[in-house]
Amino acid sequence: MEYKINFINSSYRRFAEQHEEELKEAFWDRIKKGSLILREEVSKFEDNLAKYTGTKYGIGVNSGTDALFLSVKALGIKGNYNYLLERVYQNEISIEEARKLFEGDEVITVAHTFIASIQCIVHNGAMPILIDVGSNELIDANLIEPVITERTKAIIPVHFHGKVCDMDKILEIANKYGLKVVEDAAQAMGSSFKGKMAGSFGDTGIFSFNTPKLMGGWGDGGGIVSNNKELVERLYLLRNHWNMAQTSVRMADFPTPDIVQWAWKSRLDEIQAAMLNKKFKYYQQMLDRRKEIADKYCEGLKDLPLKLPEYGKGDVIQEFILRIGSDEQRKAFKEHMDQKGIELLIRETTPNHKVKNLYLDHFNLPVTETISKDACRLPCYPELTDEEIDYIVSAIREFFGK
């Protein structure tokens, strides 16, 4: 249906209209120079990303999903779980037999996330170990230590909707057991924990520049940050066929090694990088506007029977998530908002561990399951006008008879 206020689509178009000349300049500069793959704009963006997050190195890749996969791969996390699952899908063995036959590493993360946070573990052959989130929808750090085994190799904390996990506790546990940490900061670029930026705590931190994200591009894009030069060298090799010299501006610092290994192709392209470099100039302004919008929602909805998100120092606003009480109430609410021409996003109707045939349903995650029954997202992109925000608040108040 055609919405009067859509959930995100107007954000891309309005930003492009407001900055049309700059974006055209970025696009045509790359075309005219014939610089399209791993040239100076990618290098500039990698430097911008590292500087912004307070890390030493940035690596541009094709997507946040690839950033997760390559991080896990570069850290040497492996196993035969993906092979065993393939045998399950071919009806050669049962899932119970697969778990008994498993040899390899385990990685702890949450189900309350986009599937890529779990997918990157499975595709590397390791076994995902899922724990619950707390009331703030972030990994409950108190649940990590009880599930650590001799196979545990890493933790992937997910900084969900602009809030950073308790990295003090997570790093304490990781150091105690010698575990790697991959921060999934796909929804948290610009957020911080005790003054330190999301993505800068772990062995790697990953970001997504997929169009709907905080600093979305014009398609797919992703990035990795790290302070570990040896790890970064491996990531540069893995993202580009293990050939640093081929169309790479980083070859002076990271020359192609004599011994070549099999790798992947996952490169942030020059046009995306050039346009994201333009957008970087406005990023703090965009984050500030998102905070203004969230504050307006919180003020306008504070007396309604809703659970509103709570934001603390250092948080950014990737999404404004309401908790509306029940699935039945949520369906009625969506129908009302549709009639008002306001598009909502309702994504967690089935938690990842309950998705059929992923074989994760043996995990008991009551908080995650509760969130899936009543969470919904309001439009919160920085290009929303005050008039549109007022209209959304008015429509919600009308639903509750207020």
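Quick caveat, the model's predicted, so the values are computed rather than measured. (Residues numbered from 1 in each chain as written. Predicted model: local features only at pLDDT ≥ 70, side-chain atom pairs only at ≥ 80, totals over all residues. Heavy atoms only, no water.)

Caption draft 1: How the structure looks around the overall build of the chain. The number of helices and strands found in the chain is 14 helices and 11 strands. The globule rule puts the C-alpha radius of gyration for 402 residues at 21 Å, and the 22 Å found for the chain is close to it. Along the three orthogonal principal directions, the C-alpha set of the chain runs to about 70 × 55 × 40 Å. By the burial criterion, 55% of the 402 residues in the chain qualify as buried. On the chain, roughly 17900 Å² of surface is accessible, and the fraction owed to carbon and sulfur atoms is 48%. (Helix = DSSP H or I, 4+ residues; strand = E, 2+ residues; numbered from the N terminus. Rg over C-alpha atoms; globule rule 2.2 N^0.38 Å. Buried < 20%, exposed > 50% of the residue type's maximum accessible area, 1.4 Å probe, protein only. Areas by Shrake-Rupley, 256 points an atom, 1.4 Å probe, with all protein chains shown as cover.)

Caption draft 2: Expanded view of the sheet that holds strand β4 (residues 152-155). Reading across the sheet, the 7 strands line up as β1-β9-β8-β5-β4-β2-β3 and stay open at both edges, with mixed pairing between neighbours. Among the strands making up the open sheet, the edge pair consists of β1 (57-61) and β3 (127-131). Neighbour-to-neighbour, the strand axes of the sheet open up by a mean angle of 25°, direction not taken into account. Bridge count for strand β2 (residues 106-110) against β3 is 5 bridges, and the pairing is parallel. The partner of Ile108 across the bridge, within β3, is Ile129. (Pairing = 2+ DSSP bridges. Axes fitted to C-alpha atoms, helices over the stretch in contact; angles between N-to-C directions.)

Caption draft 3: Region of the structure containing the packing of aromatic side chains. Summed over all chains, the structure comprises 17 aromatic pairs. Here the aromatic rings of Phe27 and Trp28 are separated by 5.2 Å at their centres, their planes lie at 90°, and the arrangement is edge-to-face. Classification of Trp28 by relative accessible area gives partly exposed; the value is 44%. Centroid distance Phe45 to Phe209: 5.1 Å. Interplanar angle 85°. Geometry classified as edge-to-face. Here Phe209 lies in the loop between β8 (204-208) and β9 (222-226) and Phe45 lies in helix α3 (residues 40-53), a separation of 164 residues in the sequence. Accessibility classification places Phe45 together with Phe209 in one group, the buried group. Chaining the aromatic ring pairs together yields one cluster made of Phe45, Tyr52, Phe209, Phe280 and Tyr283. The cationic tip of Lys279 hangs over the ring face of Phe15; the distance from NZ or CZ to the ring centre is 4.8 Å. The aromatic ring of Trp218 is capped on one face by Lys279, whose charged end is 5.1 Å from the ring centroid. (Phe/Tyr/Trp six-rings, centres within 6.5 Å; stacked < 30°, edge-to-face > 60°. Lys NZ or Arg CZ within 6 Å of the ring centre and 35° of its normal.)

Caption draft 4: Representation of the side chain of Ser192. Checked against the element boundaries, Ser192 lands in strand β6 (residues 192-193). Apart from the residues within four sequence positions on either side, Ser192 is in contact with Val164, Met197, Ala198, Lys313 and Gly314. (Contact = heavy atoms within 4.5 Å.)

Distances and angles like these do not, on their own, reveal function.
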